[in-house]
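Architecture at a glance
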Amino acid sequence: TQAACEGIQAMGVRAVQLGQVTTPQLHFQVAALNAGHLSLPPEQQLQAAGQGASRSAISLDLYFGTLLPAFEELCQGPKGAPSTQAPPSPTFPLYVDCANGVGAQHLACVAATLASATTGLHLHLLNRGGTPQEGGGQLNHLCGADFVQKECKAPSGFSSLPVSARCCSIDGDADRLVYFVVQQQSEQQSASSNPVTTPPSHVSLLDGDRIAALFASFVSDLLKGLPQPLAQTIKVGVVQTAYANGASTRYITQTLGLQVVCAKTGVKHLHPEAHAFDIGVYFEANGHGTALFSPSLIQQLEQIQHSCVAARQLLLLSRVINQTVGDAFSGILAVEAILRLKGWGISDWQAMYRDLPSKQTKVSVKDRTVIKTADAERVAVSPPQLQPAIDKLVAEAGDQARAFVRPSGTEDIVRVYAEVQTAEAAEALAAAVAQATCSLAA
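These remarks concern the structure in this document. Model, not experiment: these values are computed from the prediction.

**Some points on the side chain of threonine 241**
Inspection of the secondary structure assignment puts threonine 241 in the loop between strand E6 (236–240) and helix H10 (246–255). On the accessibility criterion, threonine 241 (6% relative accessible area) is buried. Setting aside residues up to four positions removed in sequence, threonine 241 forms contacts with Cys262, Ala263, Lys264, Thr265, Leu270 and Glu284.

**Side note on helix H12 (residues 295–304)**
All of the buried residues in H12 are Leu297, Ile298 and Leu301. Each buried residue of H12 lies within a common arc of 100° when the element is viewed along its axis, so the set occupies one face. For H12, the exposed residues lying more than 90 degrees away from the buried face are Pro295 and Gln303. Against the buried residues of H12 lie helix H9 (228–231), strand E8 (279–283), strand E9 (289–293) and helix H13 (309–320).

**Considering the pattern of salt bridges**
For the structure shown, the criterion picks out 14 salt bridges. In this structure, the salt-bridge partner of aspartate 146 is lysine 150, at a minimum N-O distance of 2.8 Å. Here lysine 150 and aspartate 146 lie together in helix H6 (residues 145–151), a separation of four residues that amounts to about one turn. For aspartate 146, a relative accessible area of 32% corresponds to the partly exposed category. Residue aspartate 412 is joined to arginine 368 by a salt bridge in which the shortest nitrogen-to-oxygen separation is 3.3 Å. Of this pair, aspartate 412 sits in the loop between strand E13 (402–407) and strand E14 (413–419) while arginine 368 sits in the loop between strand E10 (358–364) and strand E11 (372–374), and the two are 44 residues apart along the sequence. For aspartate 412, a relative accessible area of 33% corresponds to the partly exposed category.

**Here's the deal with helix H8 (residues 208–223)**
Here H8 spans 22 Å end to end across 16 residues, near enough to the 22 Å set by a 1.5 Å rise per residue. The element H8 is extensively covered by neighbouring structure, given that 15 of its 16 residues are classed as buried. The distance from a side-chain oxygen at the start of H8 to the backbone nitrogen of aspartate 209 is 3.1 Å, and the residue carrying that oxygen is aspartate 207.

**Regarding the packing of aromatic side chains**
Think of a pair of aromatic rings as described by two things: how far the centres are apart, and how the planes are tilted against each other in angle. For the structure shown, the criterion picks out nine aromatic pairs. Arranged with centres 5.6 Å apart and planes meeting at 85°, the rings of phenylalanine 215 and phenylalanine 283 form a pair that is edge-to-face. Of the two residues, phenylalanine 215 is situated in helix H8 and phenylalanine 283 in strand E8; the sequence distance between them amounts to 68 residues. The residues phenylalanine 215 and phenylalanine 283 share a single accessibility class, namely buried. Aromatic pair tyrosine 251 and tyrosine 353: ring centres 5.8 Å apart, planes at 40°, arrangement tilted. Linking tyrosine 251 in helix H10 with tyrosine 353 in the loop between helix H15 (346–350) and E10, this pair joins segments that are 102 residues apart in sequence.

**Things to note about the nonpolar core**
Val96, Tyr179, Phe215, Leu226, Leu317, Ile332 and Trp349 are the most contacted members of the largest nonpolar core, which totals 83 residues. Of the residues forming this core, the biggest block, ten residues, is contributed by H8. Ignoring anything within four residues of it in the chain, the contact list for tryptophan 349 reads Tyr179, Leu206, Arg210, Ile211, Leu214, Val335, Leu339 and Trp344. Core analysis: the second largest hydrophobic core is formed by 20 residues, Ile371, Val394, Ala403 and Ala434 among them.

**So, the sheet that holds E6**
Ordered in space as E7-E6-E8-E9, the four strands form an open sheet in which the pairing is mixed. With partners counted over all chains shown, the strands left at the sheet margins are strand E7 (259–262) and E9, one partner each. Across the sheet, the axes of successive neighbouring strands diverge by a mean angle of 20°, strand direction being ignored. Pairing analysis gives four bridges linking E6 to E7, with the strands arranged parallel. Looking at the pairing, valine 238 lines up with valine 260 of E7.

**Quick look at the pairing of E8**
Among the five residues in E8, five count as buried, and that is most of the element. Both faces of E8 are covered, namely the face carrying Ile279, Val281 and Phe283 and the face carrying Gly280 and Tyr282. As paired elements, E6 and E8 share four bridges and run parallel to each other. Looking at E8, one finds that valine 238 is bridged to valine 281. For E8 and E9, the ladder comprises five bridges, and the chain directions are antiparallel. Looking at E9, one finds that glycine 280 is bridged to leucine 292. Hairpin connection from E8 to E9: five residues lie between these consecutive antiparallel strands, with glycine 287 at a positive phi of about 95°.

What counts and how
- Residues numbered from 1 in each chain as written.
- Predicted model: local features only at pLDDT ≥ 70, side-chain atom pairs only at ≥ 80, totals over all residues.
- Heavy atoms only, no water.
- Helix = DSSP H or I, 4+ residues; strand = E, 2+ residues; numbered from the N terminus.
- Buried < 20%, exposed > 50% of the residue type's maximum accessible area, 1.4 Å probe, protein only.
- Contact = heavy atoms within 4.5 Å.
- Arc of directions from axis to C-beta.
- Salt bridge = Lys/Arg side-chain N within 4 Å of Asp/Glu carboxyl O.
- Expected span 1.5 Å × (residues − 1).
- Polar contact = N/O pair within 3.5 Å; in protein donor to acceptor, adjacent residues only side chain to side chain.
- Phe/Tyr/Trp six-rings, centres within 6.5 Å; stacked < 30°, edge-to-face > 60°.
- Core = buried A, V, L, I, M, F, W, Y, C linked by side-chain atoms within 4.5 Å.
- Pairing = 2+ DSSP bridges.
- Axes fitted to C-alpha atoms, helices over the stretch in contact; angles between N-to-C directions.

Printed below as a string of structure tokens:
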């Protein structure tokens, strides 16, 4: 870090070390500096802070001072609401897989505040990292949001939790979030006394698609409480990628009646698309995403917040959510607040829709550039015979089936995604599309 700072300074640019912060906290601080909400301290103070890798010249007071008070007020619900309409207190603790990353130390700092009587969010932090002597594990090894989402298995250290415990997993730099519920353990797992070496339990996953649907559902609820002339002018949309489960897309468009836009894979493609809406929600299935609120909408909500409960709650939601980038901390706060205000448990969230079984695989090719796609990577345009072959296989697979291929950006492989009504059919469709890709693009 020090060498990097010296290199930056050699080019005549001022370097600022923020210390050990998460990636979303870094984004938040940079955005706050650019907007004038934070000020750089004197050069001497920056130099002193740079002497220690974990020290920061700019505190995180604004970050936590924005998210936590908004979360606390949002959880309280509308002032003066009858007790029967008050948000329910959480019945179970939330077990957080910290992926042995930097996020653990920041969650630990605010855990006591979140466990206060007002919010009642009791965090139990696991996989907190540390040295091997302290029992710390490796960063993202058999843990973290990416592991849980891709493997659909509980992270290391979670095998001894009660069945149906509420859990979530962040990744090493805390910009991804998925929720999950540990399912029934096998006899082999129950017999093991070592929670680290015990084979992982399978989980019921609530991924980025579900988080996006939850956010969109809550926003849709609040729009109904706004003055109709304003509500009718607000453009709300959800941005997904081709990997989003088709059941989530249908829920958002058909049940909620909201617009869905498909973008290329990668947050750099989703974030700009979300800016096209007054409220734009975007998440990838891996749990990386956020929600954006347009400055003009924020101004309108501020004007009526004292006379309109829904306007005030939308404003609070916009402050709970880190709008600069996907943020697991703010995601946890937003999810927990929404569940409380809707009076939902995890089972209610799961009942929003039923995921279609899907299968992902990959095919090795000599030259990945042979494959070219369009329509947000959902249609193969080269080689010309490939998409007709995929269309034929999808039609034969039955109702609600879909499949696509896209070349890797880093290696000579082509990624295959297939989705249909049964797991067996998804496996078969993925294999057939992979075979067609090998035949036409190898």
